[in-house]
Amino acid sequence: MTPRSLTIGLLAGALTLTACGAPTPSAAPDTLVIAGYGGSYEEAFKQSVIPGFEKTCSCKVTYIAGSSTDTVAKLKAQQAAPQIDVALIDDGVQNQAVQAGLLAKLDPKAVTNLANVIDIARLPDDVGVGFSLNATGIAYNTDYYAKNGLPAPKTLADLENAKLKGKLVMPSITQTYGLGALLIAAKVGGGSEQRIDPGFAGVKKVAANAVTFDTTADVSNYFLQGQAVASVWGNSRVQMLAKKGFPIEFVYPEEGALPLVATVNVVNKAPHADVAQKFVNTLLEPAAQKAMAESNFNGPTVKGVTLDPALAKLVVGQDRAGDLRKLDWAVINKNRSAWTDRWNKEIETS
């Protein structure tokens, strides 16, 4: 009997007991495909999680990396004959995938840990579930700010400072952080997702300092190479860079940080749906939740997960969940295509 061959994308090392067990060829598929995040996420998972999973399971692990929008595009292209079993995508893009019929409902008998998930991570009709909690806010190079007499940013408008000209990397609206910048700017100007004009006015002022518009969601290299000293970015990504000794901090802006919930989803008509459901449950195990926080600074979405106090200060904890702005994704996704067109005309080409 040969070891089963699996293709698994994310967080495998923390999941050995639930995901693996004894090899039973009659029950396990030859391949389980999971599409997940790239950049610092991928790096952390490959270093901290996947090797242990491979050793325990005697299996091969392959990580298929891509942004949330890239993953959903793959799901759409494969809709008639899915090749991906599990998709890990941001909550806003996940809502689009649900509307397109790309995702399946979770089975509470298989995903028993659903009962322990906090409210902000429970999704309508349990089509997918949030497995980590993050936030979109402001990232800045503390050394550059100190050397140039700049006070730490407190609001998005602080990124309009003339000393940041050509030193700001702006996320494109095609990825979650860019949309976050637009929504934060809208609130600053007295608007919201229902009244977006102030958002475009605010982003346009900030974007005047932009050296580029990033589409990857990982701006680490821009900071490391000195091309950027500030950005609108996610807390966990900032902490990953800080862990390497880079002088960077994350700011929860005064106008309110935005929740960023990473969701795990079983693909509709997935080739190995039963195993996919079990994998979802595994990601919600306390041990896996703790491993995600330790390896990648993702806040747990399951109740009762205890973290080291020093680590707890760095992740987006459940105590902050109530302070994060709740977004109307139905309104956002209804208008997102039009906003993207407008952004391309007014922001990135101006």
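Throughout this description, residue numbers start from 1 for each chain and increase along the sequence as written. Selection of residues for local features in this predicted model requires a pLDDT of at least 70, selection of side-chain atom pairs for listing and counting requires 80 or more, and totals for whole chains, interfaces and linings are taken over all residues. Note: side-chain values were computed over all heavy atoms of the structure, leaving out hydrogens and water.

Draft legend 1. The arrangement of the overall build of the protein chain in detail. Each helix is a run of DSSP H or I of at least 4 residues and each strand a run of E of at least 2, with the numbering of both proceeding from the N terminus. Scanning the protein chain from N- to C-terminus turns up 14 helices and 9 strands. Burial status across the protein chain gives 56% buried among its 350 residues. Pairs of residues are marked as contacts when any of their non-hydrogen atoms sit within 4.5 Å. Taking all contacts inside the protein chain whose residues are at least 6 apart in sequence as the whole, residues at least 24 apart take part in 74%. Here the protein chain has roughly 14,700 Å² of accessible surface; of this, 50% comes from carbon and sulfur atoms. Using a 1.4 Å probe on the protein chains alone, a residue whose accessible area is under 20% of its type maximum counts as buried, one over 50% counts as exposed, and one in between counts as partly exposed. Only the protein chains shown count as cover for residues, and all accessible areas are computed by the Shrake-Rupley method using a 1.4 Å probe.

Draft legend 2. Structural context of the side chain of Asp-91. By secondary structure assignment, the location of Asp-91 is in helix α5 (residues 91–99). Charge counting follows a simple rule: Lys and Arg are positive, Asp and Glu are negative, and His as well as the terminal groups are ignored. Here a salt bridge means any side-chain nitrogen of Lys or Arg lying within 4 Å of a carboxyl oxygen belonging to Asp or Glu. Within the buried core, Asp-91 has no salt-bridge partner, and the shortest N-O distance to an opposite charge, that of Arg-336, equals 8.2 Å. With residues near it in sequence (within four places) discarded, Asp-91 still touches Pro-259, Leu-260, Val-261, Thr-263 and Trp-329.

Draft legend 3. Structural view of the confidence of the model for the protein chain. Per-residue confidence for the protein chain gives a mean pLDDT of 86; residues scoring 70 or more make up 86%. Here residues 1–29 scores under 50 on pLDDT; set against residues more than four positions off or in separate chains, the count is 79 contacts. The score called pLDDT rates the predictor's confidence residue by residue, from a low of 0 to a high of 100.

Draft legend 4. Structural view of the packing of aromatic side chains. Put simply, two rings from Phe, Tyr or Trp (the six-membered ring, in Trp's case) pair if the centres are within 6.5 Å, and we call them stacked under 30 degrees between planes, edge-to-face over 60, tilted for the rest. If you walk through the whole model with that rule in mind, you get 4 aromatic pairs. Taking 4.8 Å as the distance between ring centres and 65° as the angle between the ring planes, the aromatic pair formed by Tyr-140 and Tyr-145 counts as edge-to-face. Look at Phe-223 and Trp-233: their rings are 5.8 Å apart centre to centre, the planes differ by 15°, and that puts the pair in the stacked class. Taken together, the residues span a long stretch of sequence, with Phe-223 in helix α9 (residues 220–224) and Trp-233 in strand β7 (residues 230–234) at a distance of 10 residues. In terms of burial, Phe-223 and Trp-233 fall into one category: buried. Chaining the aromatic ring pairs together yields one cluster made of Phe-223, Trp-233 and Phe-246.

Draft legend 5. Structural context of helix α12 (residues 286–296). If you check which residues of α12 are buried, you get Ala-288, Gln-289, Ala-291, Met-292, Ala-293, Ser-295 and Asn-296. Phe-297, located one to two residues past α12, shows a positive phi value of around 60°.

Draft legend 6. View of the pairing of strand β4 (residues 129–141). Counting buried residues in β4 gives 13 out of 13 residues, a clear majority hidden from the surface. In terms of strand pairing, β4 meets strand β9 (residues 258–266) through 7 bridges, oriented antiparallel. In the sheet register, Val-129 faces β9, and the bridge partner there is Val-264. Think of it this way: DSSP has to see at least two bridges between two strands before they count as a pair. As defined by bridge partners, β4 adjoins β7 across 5 bridges and the pair is classed as antiparallel. Looking across to β7, one finds that Thr-136 is bridged to Gly-234.

Draft legend 7. Highlighting helix α7 (residues 176–188). Here the expected span of a helix is defined as 1.5 Å times the quantity of residues minus one. Between its first and last C-alpha, α7 extends 18 Å over 13 residues, near the 18 Å set by a 1.5 Å rise per residue. In terms of burial, α7 is largely enclosed, as 11 of its 13 residues are buried. Regarding α7, the residues found buried are Thr-176, Tyr-177, Gly-178, Leu-179, Gly-180, Ala-181, Leu-182, Leu-183, Ile-184, Ala-185 and Ala-186. Identification of polar contacts relies on pairs of N or O atoms within 3.5 Å, with a donor-acceptor requirement for protein atoms, meaning one able to donate a hydrogen and the other able to accept it, and with residues adjacent in sequence counted only if both atoms are side-chain atoms. The opening residue of α7 is Gln-175, an N-cap whose side-chain oxygen sits 2.9 Å from the backbone nitrogen of Tyr-177. One or two residues past the end of α7 sits Gly-190, with phi positive at roughly 85°.

Draft legend 8. Representation of the nonpolar core in the model. In this structure, Val-129, Phe-131, Phe-223, Trp-233, Ile-248 and Val-264 are the most contacted members of the largest nonpolar core, which totals 67 residues. Those residues in contact with Phe-223, other than ones at most four positions away along the chain, are Ala-139, Tyr-140, Asn-141, Ala-228, Val-229, Ala-230, Ser-231, Trp-233, Leu-241, Phe-246 and Ile-248. To define a nonpolar core, start from buried Ala, Val, Leu, Ile, Met, Phe, Trp, Tyr and Cys residues and group those joined through side-chain atoms within 4.5 Å. Counting 35 residues, the second largest nonpolar core, distinct from the first, contains Leu-159, Ile-184, Ala-186 and Ile-332.

Draft legend 9. Representation of the pairing of β9 within the structure. Within β9, 9 of the 9 residues are buried, which leaves it mostly tucked inside the rest of the structure. Side-chain alternation along β9 places Leu-258, Leu-260, Ala-262, Val-264 and Val-266 on one buried face and Pro-259, Val-261, Thr-263 and Asn-265 on a second face that is also buried. Here strand β3 (residues 86–90) pairs with β9 via 5 bridges, running antiparallel. Residue pairing across strands places Leu-88 opposite Val-264, the latter belonging to β9.

Draft legend 10. Spatial organisation of the pattern of salt bridges. Counted according to the given criterion, the structure contains 5 salt bridges. Note that Arg-122 is salt-bridged to Asp-126, the shortest N-O span being 3.1 Å. For Arg-122, a relative accessible area of 33% gives the class partly exposed. Residue class for Asp-126 comes out buried when judged on its relative accessible area of 17%. We note a salt bridge from Arg-237 to Asp-218, for which the minimum N-O separation is 3.9 Å. Of the two residues, Arg-237 sits in helix α10 (residues 235–243) while Asp-218 sits in the loop between β6 (210–214) and α9, which places them 19 residues apart along the sequence. On the basis of relative accessible area, Arg-237 is assigned to the buried category, the value being 5%. Three or more residues are tied together by salt bridges with common partners; here these are Asp-197, Arg-342 and Glu-346.

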